[in-house]
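# Per-entry structural report
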Amino acid sequence: MSAKSTTVPTPYLPLLFFAAGILALGCAAVALALRLLTPLAILHLVAVGSFATIAMGALYQFVPVVGMRQLRGVPFGFIHLPLALAGTVLLVAGFTLGKFDFVTAGGVLHVAGVLLQSGILAATLREGSPAITARGAALALGGFVVTAALGIAVALGAGGLNAGALVGIHATFGLAAFFGTLIVAVTFRLLRMFERFSLEPRALWLEIAVAAAAILAALLPRVGMPLLAVAALAFAFNLGVVAKNRNPAYQRETLLYALASGLFGCSAVFTALAGAMETAAVFALWLFVGTAVVGYIQRIIPFIWWMRRSRLEGTRNIPMLGEMNQTQLGHAILAFWLAGGLWYAFAPPALAPLAGWFAFVAWIGLIVQIARPFLLPGKTRAT
């Protein structure tokens, strides 16, 4: 086996995380549409059970491949997944039943899983000097640990009268320090791969800017939120540079998802500055984080499976990456996903749950899209 191939981890570890996260997203869409769970239960099913779980799976793939290091401690990664699944079940049950001891236990399990993952990624990156982007992505896990610790403190009733402030800090760390930092890192790597135009060297400074501004926004909102707005604008500006200089011959789904995500990331910060915090939260979670997650896994999953098939069958005998994504379907998924988020943000409260049906249609399209790499026959068999 070549040195390069040893840096490609087993596909089954990230794919299992993706499967769990995608299943949770479908369950959340149905639960929202049919009003089956409490709002807090749905929120955590989406944010933790779906988006964060998918992000953890992406890190198991992203860090060793980008850092060009062999993933260490792979068996421990398979221990992380059941911890995350059990943690999500406890969170959802706790918020649904009003049992905050369940919420606490669920948070503890998620922290245990992420600390385990942090050890795996630290062992992977400890030798040599791998790509800074890989280190930045791995360090985003610190934002998740802080977010979970704050959530546990709220569930335990810590802070008394300051519990409301803790909730705000908890949300800001999760949306900006964890998801924001990670999305910046992953976005520029994917644009480099699929748009053939690289601004990845700027990713380090944007990651630092987003993380630092997010921490300040959580602790000192009057200082940090304007700085976070500047960081968001810098991210959007660089996405515009990619859009201007890309080769129009390439498929544009990755760029469209990145542009939509960046637009609503900026919108979320400025909406928060205007004081409309509930709308800002929808923009941040559904339209910034969610658009990136839903869009990027349409690229990441085919890439993972293409690498595996290329090693087993040879690159000449399998479909190209572009064939594994159906462009029109990708556009339709994006349209339904954005429509659902906008409906939820602006519809009357009584009608807001109908956004779940938009999300469910997008989810069905996502299932069809990500199934393609596993179902398309090799060129030899097709002929």
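In case you missed it, the structure is sitting above this.
Residues numbered from 1 in each chain as written. Predicted model: local features only at pLDDT ≥ 70, side-chain atom pairs only at ≥ 80, totals over all residues. Heavy atoms only, no water.

### Quick look at the pattern of salt bridges
Here the structure, examined in full by the defined rule, presents one salt bridge. A salt bridge links Arg299 to Glu253, with the shortest nitrogen-to-oxygen separation between them at 3.9 Å. Taken together, the positions of Arg299 in helix α11 (residues 277-313) and Glu253 in helix α10 (residues 253-273) put the pair 46 residues apart, joining distant regions of the chain. (Salt bridge = Lys/Arg side-chain N within 4 Å of Asp/Glu carboxyl O. Helix = DSSP H or I, 4+ residues; strand = E, 2+ residues; numbered from the N terminus.)

### Describing helix α9 (residues 221-245)
The terminal C-alpha atoms of α9 lie 36 Å apart, and with 25 residues this matches the ideal 36 Å at 1.5 Å per residue to within 8%. Along α9, the residues that are buried comprise Gly224, Met225, Leu228, Ala229, Ala231, Ala232, Phe235, Asn238, Leu239, Val241 and Val242. (Expected span 1.5 Å × (residues − 1). Buried < 20%, exposed > 50% of the residue type's maximum accessible area, 1.4 Å probe, protein only.)

### A look at the packing of helix α2 (residues 39-67) against helix α4 (residues 100-125)
It is at 10 Å that the axes of α2 and α4 come closest, and there the two elements cross at 15°. Comparing the axis directions of α2 and α4 gives the class roughly parallel. In the packing of α2 onto α4, the handedness of the crossing is left-handed. Each of Val48, Met56, Leu59, Tyr60, Val63 and Pro64 in α2 lies in contact with α4, whose residues at this interface are His110, Val114, Gln117, Ile120, Leu121, Thr124 and Leu125. Among the residues making up the contact of α2 with α4, the classes are represented as ten nonpolar, three polar and no charged. (Axes fitted to C-alpha atoms, helices over the stretch in contact; angles between N-to-C directions. Parallel < 35°, antiparallel > 145°, perpendicular 65-115°, else oblique. Left-handed = near helix turned anticlockwise from the far one by under 90°. Contact = heavy atoms within 4.5 Å. Nonpolar A, V, L, I, M, F, W, Y, C, P; charged D, E, K, R; others polar.)

### Looking at the side chain of Arg189
Structurally, Arg189 is set in helix α7 (residues 163-195). Classification of Arg189 as buried rests on a relative accessible area of 16%. Every residue in contact with Arg189, bar those within four places of it in the chain, is listed here: Phe62, Val66 and Glu200.

### Considering the nonpolar core
Counting residues in each nonpolar core, the largest one holds 110 residues, and the members touching the most others are Phe18, Phe51 and Phe178. Examining the composition of this core, we find that 20 residues originate from one element, α11, more than from any other. In contact with Phe178, other than residues within four places in its own chain, are Ala52, Ala55, Met56, Ala140, Leu141, Gly143, Phe144 and Phe173. One finds Leu166, Ile169, Ala177 and Ala217 within the second-largest nonpolar core, a separate group that totals 19 residues. (Core = buried A, V, L, I, M, F, W, Y, C linked by side-chain atoms within 4.5 Å.)

### Re unusual backbone geometry
If a residue is not glycine, its phi is most likely negative; likewise, a peptide bond is most likely trans. Backbone geometry at Arg35 places phi at a positive 55°, although glycine is not the residue there. Within the secondary structure layout, Arg35 lies in the loop between α1 (12-34) and α2. Overall, the relative accessible area of 52% leaves Arg35 in the exposed class.

### Regarding the packing of aromatic side chains
What characterises a pair of aromatic rings is the spacing of the ring centres plus the angle enclosed by the ring planes. Applying the stated criterion across every chain, the model contains 15 aromatic pairs. Members of the aromatic cluster, joined through ring pairs, are Phe51, Trp286, Trp337 and Tyr344. (Phe/Tyr/Trp six-rings, centres within 6.5 Å; stacked < 30°, edge-to-face > 60°.)

### Section: α2
In this model α2 runs 39 Å from its N-terminal to its C-terminal C-alpha over 29 residues, within 8% of the 42 Å that 1.5 Å per residue would give. Roughly 30° is the biggest bend found in α2, and it falls at Ala52. Of the residues one or two after α2, Met68 is the one with positive phi, at around 55°. (Bend = angle between axes of the 7 residues up to and from the residue.)

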